[in-house]
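# Chains, contacts and geometry: an overview
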Amino acid sequence: MEPTVERLALHYQPTTGRLSDNAYAVRVDMEPGSRLLLGDRTFSLRQFHFHTPGEHLWSDSAEAGELHLVHVADSGEIAVLGVPLRPDAAQAFPDSFWDWLQSAKTGEPLTLDPTGLIPRQSRFVGYRGSLTMPPCTEGVNWLLAMEPMALGSAEQRWLEQQRGQNARPVQPLGGRTVYAVLQEGS
C-alpha cells in the first residue's frame, strides 16, 4: 500500500564528489557521508546527475532541467530526490560548483555540501516509480522538490552540449499515488 504521508530528513555534509564518465547524463559520483532518511529507512547519497529538459511536469511544459540526487539503502532500495531547474528561480547553485563542473576532467574531485544543491525551505511530494535512465529500475521512491533551483542559459546550453537533451519522455501517472512528504523541521 502506498503511503499518504512520508517523513524525510536530510543529513548531508561536505563530501568529495568526482565527475563520472557516463553516457546518459552529466554525473557526479559521491563518496560516503551524506544520507537521507525516509520514514525509518536510511539511504546513502551515491551520485547526482542532470537532465534537460526537466522530466516531471508541474504545468503543461517541462522546466529547463532537473537535478536527480540518487540515494541507495543497504537493502538496494533506491530514493531519488528531484529538483526542478528554472532560469528565473530565486536560489542558485554556488558559482564555484558550475566553474568546477564545466572544467573538470573525469575523476577530478571536488568537496561540496549537497545541501547547496537543494532549495532551502522546499516542500516535497513523493510517489513510487522507476529510474528514468537504463536499466529503468522499478520501485524507486521519488521525492520531488516543489521549489526550483536556478539554471542559467549558459549552464543549460553546456549541459545540452555534453549529453544532448537527455530527458525521458513524460510517463502517464497511471495508478501511482502522489503523496505529501514532510521534511524534518517543517
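Here we summarise the structure given alongside this text.

Reading guide: rules and limits
- Residues numbered from 1 in each chain as written.
- Predicted model: local features only at pLDDT ≥ 70, side-chain atom pairs only at ≥ 80, totals over all residues.
- Heavy atoms only, no water.
- Helix = DSSP H or I, 4+ residues; strand = E, 2+ residues; numbered from the N terminus.
- Rg over C-alpha atoms; globule rule 2.2 N^0.38 Å.
- Lys, Arg positive; Asp, Glu negative; His and termini not counted.
- Charge placed at Lys NZ, Arg CZ, Asp CG, Glu CD.
- Buried < 20%, exposed > 50% of the residue type's maximum accessible area, 1.4 Å probe, protein only.
- Pairing = 2+ DSSP bridges.
- Salt bridge = Lys/Arg side-chain N within 4 Å of Asp/Glu carboxyl O.
- Arc of directions from axis to C-beta.
- Contact = heavy atoms within 4.5 Å.
- Core = buried A, V, L, I, M, F, W, Y, C linked by side-chain atoms within 4.5 Å.

### As for the overall build of the protein chain
Along its length, the protein chain carries two helices and twelve strands. Helices and strands in the protein chain line up, N terminus first, as β-β-β-β-β-β-β-α-β-β-β-β-α-β. Whereas a compact globule of 186 residues would reach a radius of gyration of roughly 16 Å, the protein chain reaches 15 Å, a difference of no more than 12%. Dimensions of the protein chain, computed from the C-alpha atoms along their principal axes, are close to 45 × 35 × 35 Å. Computing the positive centroid from 15 side-chain charges and the negative centroid from 22, the protein chain places the two 2 Å apart.

### Quick look at the pairing of strand E9 (residues 124-130)
Of all the seven residues making up E9, six are buried; the element is thus mostly covered by neighbouring parts of the structure. Sheet topology note: the E9/strand E10 (residues 138-145) ladder contains seven bridges and is antiparallel. Each residue of the ladder has a partner; that of glycine 129, found in E10, is valine 140.

### Looking at the pattern of salt bridges
All chains considered together, the criterion is met by eight salt bridges. A salt bridge links arginine 128 to glutamate 77, with the nearest nitrogen and oxygen atoms 3.5 Å apart. Highlighted residues: arginine 128 in strand E9 and glutamate 77 in the loop between strand E6 (65-72) and strand E7 (78-86), separated in sequence by 51 residues. Assessed through its relative accessible area of 29%, arginine 128 is described here as partly exposed.

### Side note on unusual backbone geometry
The omega torsion of the bond from threonine 52 to proline 53 falls at -15°, within 30 degrees of zero and hence cis. Of note, proline 53 is situated in the loop between strand E5 (41-51) and E6. In this structure, the amide linkage connecting proline 134 to the following residue, proline 135, adopts the cis form with an omega of 15°. Checked against the element boundaries, proline 135 lands in the loop between E9 and E10. A positive phi is found at glutamine 121, a non-glycine position, where the angle reads about 60°. Exposure remark for glutamine 121: the relative accessible area of 77% places this residue in the exposed category.

### As for helix H1 (residues 95-103)
Taken together, the buried positions of H1 are occupied by Phe97, Trp98, Trp100 and Leu101. Buried residues in H1, looked at end-on, bunch into an arc of 165°, giving them a common side. Those residues of H1 that are exposed and angled more than 90 degrees off the buried face are Asp95, Ser96 and Asp99. Residues of H1 that are buried sit in contact with strand E2 (15-19), strand E3 (27-30), E5, strand E8 (109-112) and helix H2 (153-163).

### Some details on the pairing of strand E12 (residues 179-183)
As paired strands, strand E1 (residues 5-11) and E12 are joined by four bridges and run parallel to one another. Note on E12: the bridge partner recorded for valine 5 is alanine 180. Relative to E12, E9 runs antiparallel, the two being bridged by three bridges. The partner of valine 125 across the bridge, within E12, is alanine 180.

### Re the nonpolar core
Judged by nonpolar contacts, the single largest core of 38 residues is most densely connected at Phe48, Phe50, Leu67, Leu69, Leu81, Phe93 and Leu101. Look past the residues within four positions of phenylalanine 50 in its chain and what remains in contact with it is Ala25, Val26, Glu66, Leu67, Leu85, Phe93, Phe97, Trp98, Leu101, Leu159 and Asn166. Grouped together as the second largest cluster of nonpolar side chains are ten residues, Val72, Val80, Tyr127 and Val140 included.

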